[in-house]
Amino acid sequence: MDVLSADELLEKIQQKFGERLKEAEVKERAMTDAPPPIRRVWVRVDREDFRELLKFLMEFDFPHLAVASAADMGDEIELIYHISLFQGKRFKEVYVNIKVRVPKSDPKIPTITDLIPGALSTELEKQEMMGVDVVGIPKEKLFLPWDFPEGVYPWRRDETGPKDDVVKYVR
Amino acid sequence: MAEHINVSYNVPVGPIHPALKEPVNLTFEVEGERIVDVKVKPGWNHRGIEFMGMERNPIQVIHLAERICGICSFVHAISFVQAVEEAAGIPVPERALYIRAIVGEMERIHSHLLWAGVAAHELGFDTLLHYSWQLREKVMDVLEIVTGNRVNYGMMVFGGVRRDITPEREKALFDMINYYRRNSDRLKELFLEDPTVKLRTRGYGILTYDEALKLCAVGPTARASGLAIDVRHDEPYAGYKYLNVEPILPDAYTGEVIGDLYDRFVVRLLEVDQSVDIIEEALEKIPEGEITSEPKLPKLMVTLKKAEGDGFGRHEAPRGEVVHFVRLKAGKDNLDSWKVRASTYGNLMTWPPMFKDTQIADIPIVVASIDPCIGCMDRVTVVNRRTKTENVLVYDDLHRLSVEKTRRLQRK
Amino acid sequence: MNVALLIVVKVLGVIGVAFLSVFVGLLYKGIDRKLAAHMQGRVGPPILQPFWDVGKLLQKENIVPDNAVVWLFNTVPFFALISTITIMMYIPMGGLPPVLFGSGDVIVIVYLLTIAGISMVIGGSSSGSPYAAVGAQREMVTMISYELPLVMVVISLAWRISKLTNLPAFSLLTFTQYPLWSYTGILGGLGLLILLIVLLMVTPAELSKLPMDLPEAETEIAGGLLVEYSGRNLALFYIADAVKVVVMSSLIVVLFFPYEISGVLGISGGVAYVLDFLFFWVKVLGIMILDVTSIRVAAARFKINQVATAYWMPVFFLSLVGLGLLAVDMAL
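Along each chain, residue indices are assigned from 1 in the same order as the chain's sequence is written. Chain letters start at A and ligand numbers start at 1, both assigned in the order the entries are written. Only residues with pLDDT of at least 70 get local features here, since the model is predicted, and only at 80 or more are side-chain atom pairs given and counted; chain-wide, interface and lining totals rely on the full set of residues. The side-chain numbers reported here are obtained from all heavy atoms of the structure, hydrogens and water having been left aside.

1. Focus: the overall build of chain C
Step number 1: For chain C, the helix and strand inventory stands at twelve helices and zero strands.
Step number 2: For 332 residues, the compact-globule estimate of 2.2 N^0.38 gives 20 Å, and chain C sits close to it at 20 Å.
Step number 3: Overall, chain C is about 60 × 50 × 40 Å in size when its C-alpha atoms are taken along their principal axes.
Step number 4: Put simply, chain C has 332 residues, and 52% of those count as buried.
Step number 5: Expressed as a percentage of contacts within chain C between residues at least 6 apart in sequence, the contacts between residues at least 24 apart total 79%.
Step number 6: To measure how exposed things are, a 1.4 Å probe is used in the Shrake-Rupley method; for residues, cover is taken only from the protein chains shown. When the accessible surface of chain C is split by element, carbon and sulfur atoms take 75% of a total near 13,800 Å². In this text, helices come from DSSP runs of H or I with a minimum length of four residues, and strands from runs of E with a minimum of two, each type numbered from the N-terminal end. The globule rule used for comparison is 2.2 Å times the number of residues to the exponent 0.38, while the radius of gyration itself is calculated over C-alpha atoms. Using a 1.4 Å probe on the protein chains alone, a residue whose accessible area is under 20% of its type maximum counts as buried, one over 50% counts as exposed, and one in between counts as partly exposed. Residue contacts are counted whenever heavy atoms from the two residues lie within 4.5 Å of one another.

Written as structure tokens, this is what we have:
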């Protein structure tokens with residue numbers, strides 16, 4: 001297994017995906033001038049290419065999925081899968097943040113639990129909190145109570161978000 | 001042969017149970033004492049902290065982040081601060097980086113000793129519980145001397161830390177180092193050489209290397225299964241860049257990696273020693289200088305308001321990697337997006353394989369072995385099933401309802 | 001002595017011993033808790049705490065779960081307490097003969113001990129809680145496991161005594177009159193020592209104390225058998241537990257250490273009875289501290305399969321060795 005730097009990894013991804021990458025950059029962590037700087041890969045792909053990208057990354061090392069974040073962008077929901085490769089080597093770990101956008105009208109995204117079984121809990125969370133339809137996992141509640149009302153997604157910033165009368169002392 | 005009769009029945013553990021220190025619900029299907037299946041249902045302590053955070057400005061959120069967890073309060077603060085610093089491009093002076101690492105390691109010592117006590121209690125060995133908590137008092141005292149608080153230290157601020165390590169605080173730290181050096185052999189002997197502890201932990205609750213990898217395990221849980229993963233080592237941040245940190249695997253003590261409960265004991269107890277070493281090294285190397293790059297909060301607020309971008313903060317908490325993702329929008333006071341990934345969230349999926357081939361008697365220690373710190377994100381929403389109306393109950397409402405119920409019972 | 005007077009004396013004796021055993025049981029429980037606390041580096045509760053506990057519990061509401069078998073649920077605590085206190089009637093305390101002298105022996109005691117355990121099992125099963133169901137299973141398995149070595153010890157001793165005298169061999173009074181250590185050689189002494197160790201090993205399981213407190217196991221099954229009990233019923237079980245500790249310790253004292261202090265000091269008459277009586281309770285306290293307090297702070301809880309294996313294989317084997325040594329010693 002070759003250990004690649006963030007830049008080398010991004011280059012390989014760019015070679016493979018080319019125009020299909022919507023965004024691709026390596027961001028350096030601005031903290032101090034202490035060497036070596038922390039460099040992380042940020043890429044954005046369409047949901048059709050998402051699984052392919054993940055499989056491509058798996059050729060290098062088994063990816064450790066930290067979590068999938070979600071942000072409400074208005075008409076779209078942006079999911080960010082935080083994945084790290086090459087663990088156990090000092091200063092060599094590479095973080096890859098994969099952004100995927102899905103429209104709110106059709107918030108479907110394929111599951112990755114067949115590739116990384118540990119992704120189940122974070123996918124369930126996205127489903128109940130953000131109203132993302134993860135295809136291929138059971139539609140059950142994980143963190144929210146079983147009798148939580150349908151159609152309310154706490155992290156949304158639109159009319160499906162929690163109503164004001166449900167939220168007290170929070171604002 | 002007689003037809004197989006299904007003799008299994010359900011034993012619920014939690015959300016309230018003596019084996020659990022925080023609410024989580026596990027429903028076990030058991031046949032006699034043997035566990036057949038388990039279902040995990042978290043979310044009983046869901047306080048909506050992420051939601052609350054998105055309604056506040058970053059400086060307020062530091063204190064909110066600290067209150068995600070009482071035991072590992074520093075880890076959320078440091079991860080959040082690092083994420084915002086990355087998004088807004090705020091530099092941190094070197095001395096502050098060292099202090100962050102020192103406080104982080106002190107928290108690890110206290111958390112691991114606390115865990116060791118709880119684990120011993122789950123085994124029914126209360127003497128060890130009291131012993132390890134007695135040892136823990138030393139680091140709690142020093143935490144109070146250094147940061148001003150026993151929990152929720154309030155040390156973090158964007159661009160540095162809030163309190164310096166003065167010579168007298170440094171002396172208290174060296175005292176603490178000597179104290180733990182003196183007691184470390186006895187601690188390891190009591191926990192790792194006791195025959196009854198070994199009888200209960202060796203060979204039970206096994207998580208294999210493959211399972212740990214595929215289920216995204218983090219921290220000591222992953223390391224006990226032989227997965228060398230430690231943010232302090234892989235992607236050093238704060239003071240860890242200058243310090244010597246190696247991921248600790250159980251074979252350092254036992255010579256082999258099994259991935260059972262005993263190995264998790266080994267990893268955590270060895271990490272106490274490691275943390276003591278790290279603090280000593282940091283105190284020797286710490287340079288003089290400023291402890292924050294921008295002491296004026298209003299000025300910091302302006303910088304943060306102008307900032308735009310994504311930030312990503314990680315910290316190797318006592319329980320494993322903590323990840324905070326933050327998105328800032330220019331011209332907006334509040335956070336645009338905030339995602340907290342506590343370490344237990346990563347380890348949640350590792351429970352079912354650990355329960356394979358175990359008995360009811362193993363439930364508490366297996367549950368405790370990942371050092372659960374139940375992730376927490378919502379307020380109490382009560383749905384009235386009869387009328388289908390929703391209502392949020394806050395402290396005052398709950399208090400009023402309990403008073404009413406007591407009155408009702410008194411009248412009976 | 002005419003029959004009426006005998007009955008009056010017996011009734012008074014029964015009442016006296018019952019109150020005495022409850023009082024001593026609770027007092028010793030307080031001492032046990034205080035000592036255990038000090039061993040663990042804690043301050044611990046006041047020595048009289050168990051009395052306050054019982055008093056408080058008696059004031060509390062007695063809650064019966066909806067799906068419990070009500071009459072069973074409410075009756076078995078009495079059975080547990082009564083059967084335990086009854087054992088005290090067969091124990092000779094110092095120079096005083098047992099209250100129920102002549103009408104029962106060690107075999108009855110073994111049965112009465114079982115009744116106390118069984119009543120807890122019945123109470124737990126009738127409460128309709130899954131935790132209590134698990135606890136009941138565990139109590140049954142534990143009882144089946146420790147009963148064999150326990151009976152082995154009793155029978156070995158009785159058999160040895162039957163070779164010494166024509167008195168009823170299973171009677172506890174006979175045990176006090178023939179302290180076996182004085183009648184055996186080195187091999188026999190070794191055999192007795194092994195049997196004593198076996199009995200000491202059985203005791204924590206018999207009393208459901210750590211490391212054998214599986215039927216209650218607070219962190220595992222939340223109190224197990226007692227999980228649904230509250231108020232008066234719980235108070236009865238609480239007292240029964242305290243008395244049972246005294247009973248088992250007394251049994252060990254009577255079987256293995258029936259020596260009295262008055263002979264050593266050369267005192268006779270009424271004072272001797274008082275001294276021996278007090279000395280008996282000191283011995284009981286010593287055995288309790290050795291076998292209950294110090295063991296329960298020094299070990300982690302076992303699992304049910306480990307308990308069963310331990311009692312069926314090594315402990316039972318040990319008791320066989322003890323019996324063998326006694327037999328060899330006698331043959332020599």
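Continuing now.
2. Some points on the nonpolar core
Step number 1: Among the buried residues, those of types Ala, Val, Leu, Ile, Met, Phe, Trp, Tyr and Cys that are joined through side-chain atoms within 4.5 Å form a nonpolar core. Core analysis: the biggest nonpolar cluster contains 177 residues, and Tyr-81 and Ile-98 of chain A together with Trp-338 of chain B have the highest contact counts within it.
Step number 2: If one sorts the elements of this core by residue count, helix 4 (residues 94-122) of chain B sits on top with 14 residues.
Step number 3: If sequence neighbours within four positions are ignored, Trp-338 of chain B has contacts with Ile-49, Glu-50, Gly-53, Met-54, Val-61, Leu-64, Ala-65, Ile-68, Phe-80, His-324, Phe-325 and Val-326 of chain B.

3. Topic: the pairing of strand 5 (residues 94-103) of chain A
All names here are of chain A.
Step number 1: Of all ten residues that make up strand 5, eight are buried, and the element is covered over most of its length.
Step number 2: Being paired, for any two strands, means DSSP has found at least two bridges between them. Two strands pair when backbone bridges link them, and strand 2 (residues 39-45) and strand 5 are joined in this way by six bridges, in the parallel orientation. When the bridges of strand 5 are listed, Val-43 appears paired with Ile-98.
Step number 3: Here ten bridges tie strand 4 (residues 76-85) to strand 5, and the two strands are oriented antiparallel to one another. Looking at the pairing, Glu-78 lines up with Arg-101 of strand 5.

4. Here we look at a nonpolar patch on the surface
All names here are of chain C.
Step number 1: A residue counts toward a patch only above 30% relative accessible area and without a salt bridge, and it is joined to like-charged neighbours within 9 Å or, for Val, Leu, Ile, Met, Phe, Trp and Tyr, to nonpolar neighbours within 5 Å. Every case where a carboxyl oxygen of Asp or Glu lies within 4 Å of a side-chain nitrogen of Lys or Arg is listed as a salt bridge. Residues Ile-118, Ile-122, Met-140, Ile-144, Leu-148, Trp-312 and Met-313 make up a contiguous nonpolar surface patch of about 590 Å² in total accessible area.
Step number 2: At the level of elements, helix 4 (106-126), helix 5 (130-162) and helix 12 (304-331) are the ones that each hand at least two residues to the nonpolar patch.
Step number 3: With three residues, the single largest contributor to the nonpolar patch is helix 5.
Step number 4: Of the residues examined, Met-140 reaches a relative accessible area of 31% and is grouped as partly exposed.

5. Regarding the environment of Pro-117 of chain A
Step number 1: Of note, Pro-117 of chain A is situated in the loop between strand 6 (108-110) and helix 3 (120-130).
Step number 2: On the accessibility criterion, Pro-117 of chain A (28% relative accessible area) is partly exposed.
Step number 3: Spatially, the C-alpha atoms of Pro-117 of chain A and Glu-159 of chain A are 33 Å apart, while their sequence positions differ by 42 residues.
Step number 4: If sequence neighbours within four positions are ignored, Pro-117 of chain A has contacts with Lys-214, Leu-215 and Met-349 of chain B.

6. Quick word on the packing of aromatic side chains
Here the distance between the centres and the angle between the planes together describe a pair of aromatic rings.
Step number 1: In this scheme Phe, Tyr and Trp rings, the latter by its six-membered ring, pair at centre separations within 6.5 Å, and the angle between planes marks the pair as stacked below 30 degrees, edge-to-face above 60, and tilted otherwise. With the rule as written, the count across this model stands at 20 aromatic pairs over all chains.
Step number 2: When the centroid spacing of 6.3 Å and the interplanar angle of 40° are considered together, the rings of Trp-42 of chain A and Phe-325 of chain B count as tilted. On the criterion of chain membership, the pair formed by Trp-42 of chain A in strand 2 and Phe-325 of chain B in strand 7 (residues 320-328) is interchain, its members lying in two chains. This pair shows no difference in class: Trp-42 of chain A is buried, exactly as Phe-325 of chain B is.
Step number 3: Aromatic side chains Tyr-28 of chain C and Trp-281 of chain C sit 6.4 Å apart centroid to centroid with 85° between the ring planes, which places their arrangement in the edge-to-face category. Here Tyr-28 of chain C, found in helix 1 (residues 3-39), pairs with Trp-281 of chain C, found in helix 11 (residues 270-296); they are 253 residues apart in sequence, far enough to count as distant.

7. A closer look at helix 9 (residues 231-256) of chain C
Step number 1: For a helix, the expected span equals 1.5 Å multiplied by the residue count minus one. An ideal rise of 1.5 Å per residue puts 38 Å on 26 residues; helix 9 of chain C measures up with 38 Å between its terminal C-alpha atoms.
Step number 2: The element helix 9 of chain C is extensively covered by neighbouring structure, given that 23 of its 26 residues are classed as buried.

8. Notes on the domain arrangement of chain B
Step number 1: For chain B, the assigned domains read domain 1 (52-369) and domain 2 (384-412).
Step number 2: The split of the chain into domains comes from an automatic or database domain assignment. On a C-alpha basis, the centres of domain 1 of chain B and domain 2 of chain B stand 39 Å from each other.

9. A short note on the environment of Val-302 of chain B
Step number 1: Relative to the elements of secondary structure, Val-302 of chain B occurs in helix 13 (residues 297-306).
Step number 2: Between the alpha carbons of Val-302 of chain B and Phe-74 of chain B there is a distance of 25 Å; along the sequence they are 228 residues apart.

10. Describing the interface of chain C and chain B
Step number 1: Each side of the interface is counted separately: chain C has 24 residues, and chain B has 30 residues.
Step number 2: Summed over both partners, the accessible area lost on bringing two parts together, with a 1.4 Å probe, is the buried area. Taken over both partners, the interface formed by chain C and chain B buries close to 2,400 Å², and the fraction arising from carbon and sulfur atoms is 55%.
Step number 3: Contact with chain B buries surface across chain C, with Thr-219, Glu-220 and Lys-303 of chain C losing the most and accounting together for 26% of the total.
Step number 4: The tally of links between chain C and chain B comes to zero salt bridges.
Step number 5: Elements with a minimum of two residues in the side of chain C that touches chain B: helix 5, helix 8 (218-221) and helix 12 of chain C.
Step number 6: Element by element, the count of residues in the side of chain C that touches chain B is highest for helix 5 of chain C, at five residues.

11. Structural notes on helix 3 (residues 70-88) of chain C
Step number 1: Turning to helix 3 of chain C, its buried residues are Phe-73, Val-76, Pro-77, Ala-80, Leu-81, Ser-83, Thr-84, Ile-85, Ile-87 and Met-88 of chain C.
Step number 2: Buried residues belonging to helix 3 of chain C abut helix 1, helix 4, helix 9 and helix 11 of chain C.

12. As for the sheet that holds strand 2 (residues 25-31) of chain B
All names here are of chain B.
Step number 1: Reading across the sheet, the three strands line up as 1-2-3 and stay open at both edges, with antiparallel pairing between neighbours. Pairing within the sheet leaves two strands with one partner each, and these edge strands are strand 1 (9-13) and strand 3 (34-41). Ignoring which end each strand starts from, the neighbouring axes of this sheet average 25° apart.
Step number 2: Two elements, strand 1 and strand 2, share five bridges in a ladder whose sense is antiparallel. What counts as an axis is a line fitted to C-alpha atoms, over the stretch in contact for a helix, and the angles between N-to-C directions run from 0 to 180 degrees.

13. Concerning the layout of surface pockets
Step number 1: Here a cavity denotes a set of grid points, spaced 1 Å apart and computed over the protein atoms alone, in which a 1.4 Å probe fits but from which it cannot get out, and a pocket denotes an open set meeting protein on both sides within 12 Å along at least five of seven lines; residues with an atom within 4 Å of a point are reported as lining. Grid points are joined across faces, edges and corners, and a volume is the space filled by probe spheres set on the points. Considering only enclosed or pocket space, the largest pocket measures out at about 1,200 Å³ in volume.
Step number 2: If you trace the largest pocket, you find 41 residues lining it, with Lys-29, Lys-209, Asp-213, Glu-216 and Arg-296 of chain C closest to the centre.
Step number 3: Of all the secondary structure elements, the ones that give two or more residues to the lining of the largest pocket are helix 5 (126-147) of chain B together with helix 1, helix 3, helix 4, helix 8 and helix 9 of chain C.
Step number 4: Per element, the largest residue contribution to the lining of the largest pocket is six residues, and it comes from helix 9 of chain C.
Step number 5: Each residue belonging to the lining of the largest pocket can be placed in one class, and the counts come to 17 nonpolar, nine polar and 15 charged. Under the convention adopted here, Pro, Cys and the residues Ala, Val, Leu, Ile, Met, Phe, Trp and Tyr are nonpolar, Asp, Glu, Lys and Arg are charged, and Gly plus all remaining residues are polar.

14. Topic: the pairing of strand 8 (residues 337-341) of chain B
All names here are of chain B.
Step number 1: Counting buried residues in strand 8 gives five out of five residues, a clear majority hidden from the surface.
Step number 2: A two-sided burial pattern is seen for strand 8, the buried positions comprising Ser-337, Lys-339 and Arg-341 on one face and Trp-338 and Val-340 on the other.
Step number 3: As defined by bridge partners, strand 7 adjoins strand 8 across five bridges and the pair is classed as antiparallel. Directly across from His-324, in strand 8, lies its bridge partner Val-340.

15. Description of the packing of helix 9 of chain C against helix 11 of chain C
Residues and elements named next belong to chain C.
Step number 1: One can describe the packing of helix 9 onto helix 11 by two numbers: an axis separation of 8 Å at closest approach and a directional angle of 110°. When the interaxial angle is binned, helix 9 and helix 11 end up roughly perpendicular. Taking contact as the criterion, the partners of Val-245, Val-246, Ser-249, Ser-250, Ile-252, Val-253 and Val-254 in helix 9 are, on helix 11, Phe-280, Trp-281, Lys-283, Val-284, Ile-287, Met-288, Asp-291 and Val-292.
Step number 2: Residue composition of the contact of helix 9 with helix 11, by class: eleven nonpolar, two polar and two charged. Convention used here: angles under 35 degrees read as roughly parallel, angles over 145 as roughly antiparallel, angles from 65 to 115 as roughly perpendicular, and any remaining angle as oblique.

16. Describing the sheet that holds strand 5 of chain A
Backbone hydrogen bonds hold the strands of a sheet together, and the pairing may be parallel or antiparallel.
All names here are of chain A.
Step number 1: Taken together, five strands build an open sheet; the order of strands is 1-2-5-4-3 and the sheet is mixed. The two strands at the open ends of the sheet, each matched to only one other strand, are strand 1 (23-28) and strand 3 (64-72). Going from strand to strand, the sheet's axes swing by 20° on average, the running direction of each strand aside.
Step number 2: Here strand 3 runs beside strand 4; their pairing, made up of eight bridges, is antiparallel. Each residue of the ladder has a partner; that of Ala-70, found in strand 4, is Leu-79.
Step number 3: Set on the sheet, helix 2 (residues 47-58) makes contact with strand 2, strand 4 and strand 5; between it and strand 5 the angle comes to about 165°.
Step number 4: On top of the sheet, helix 3 reaches strand 3 and strand 4; it is set at about 10° to strand 3, its chief contact.

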